[in-house]
Amino acid sequence: FALARTASVTCTVTWTGLTPTVHQQQAVFLTPRAARFQTFRSTIPATAASTPIQTSIELPVDGTHISEFALVGSWSLEVRLDGSAHPMTSASFVLQ
């Protein structure tokens, strides 16, 4: 993504096979230097194990420290569920 033209970056996570209960999602954005930048927490109410659930996490870029200090490079997103010590999934994207 071009830093000067990116208002925000939205990442979507699709959960499948969740037990029917309320789950806690923790999404952590890491800077190109692997420093924790921002954490988003949300509740996921799963009603049936066979029903996929999508969540979206939006990282604002324009008008934030990201654009102000030109934090360019390969960013990472790690997503944990229910307090897991290790990410259940991860993704990366590049701001340039």
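Reading the values: rules and limits
- Residues numbered from 1 in each chain as written.
- Predicted model: local features only at pLDDT ≥ 70, side-chain atom pairs only at ≥ 80, totals over all residues.
- Heavy atoms only, no water.
- Helix = DSSP H or I, 4+ residues; strand = E, 2+ residues; numbered from the N terminus.
- Phe/Tyr/Trp six-rings, centres within 6.5 Å; stacked < 30°, edge-to-face > 60°.
- Buried < 20%, exposed > 50% of the residue type's maximum accessible area, 1.4 Å probe, protein only.

Draft legend 1. Region of the structure containing unusual backbone geometry. For alanine 70, which is not glycine, the phi torsion reads 50° and is therefore positive. Within the secondary structure, alanine 70 sits in the loop between helix H1 (65-68) and strand S5 (73-81). Positive phi outside glycine occurs at aspartate 82, with the angle close to 55°. With respect to the helices and strands, aspartate 82 occurs in the loop between S5 and strand S6 (89-95).

Draft legend 2. Structural detail: the packing of aromatic side chains. Counted under the stated rule, the structure contains five aromatic pairs. Note on phenylalanine 29 and phenylalanine 93: the rings are 6.3 Å apart at their centroids and 70° apart in plane angle, and the pair reads as edge-to-face. With a gap of 64 residues between them, phenylalanine 29 in strand S2 (residues 22-30) and phenylalanine 93 in strand S6 connect regions that are remote in the sequence. Taking the relative accessible area as the measure of exposure, phenylalanine 93 reaches 9% and is therefore buried. Plain terms: the ring middles of phenylalanine 37 and tryptophan 75 are 5.2 Å apart, the flat faces sit at 85° to each other, and that makes the pair edge-to-face. Taken together, the positions of phenylalanine 37 in strand S3 (residues 36-45) and tryptophan 75 in strand S5 put the pair 38 residues apart, joining distant regions of the chain. Phenylalanine 37 gets classed as partly exposed once you look at its relative accessible area, which sits at 28%. Here the aromatic cluster, defined as three or more aromatic residues joined through ring pairs, consists of Phe1, Phe29, Phe37, Phe40, Trp75 and Phe93.

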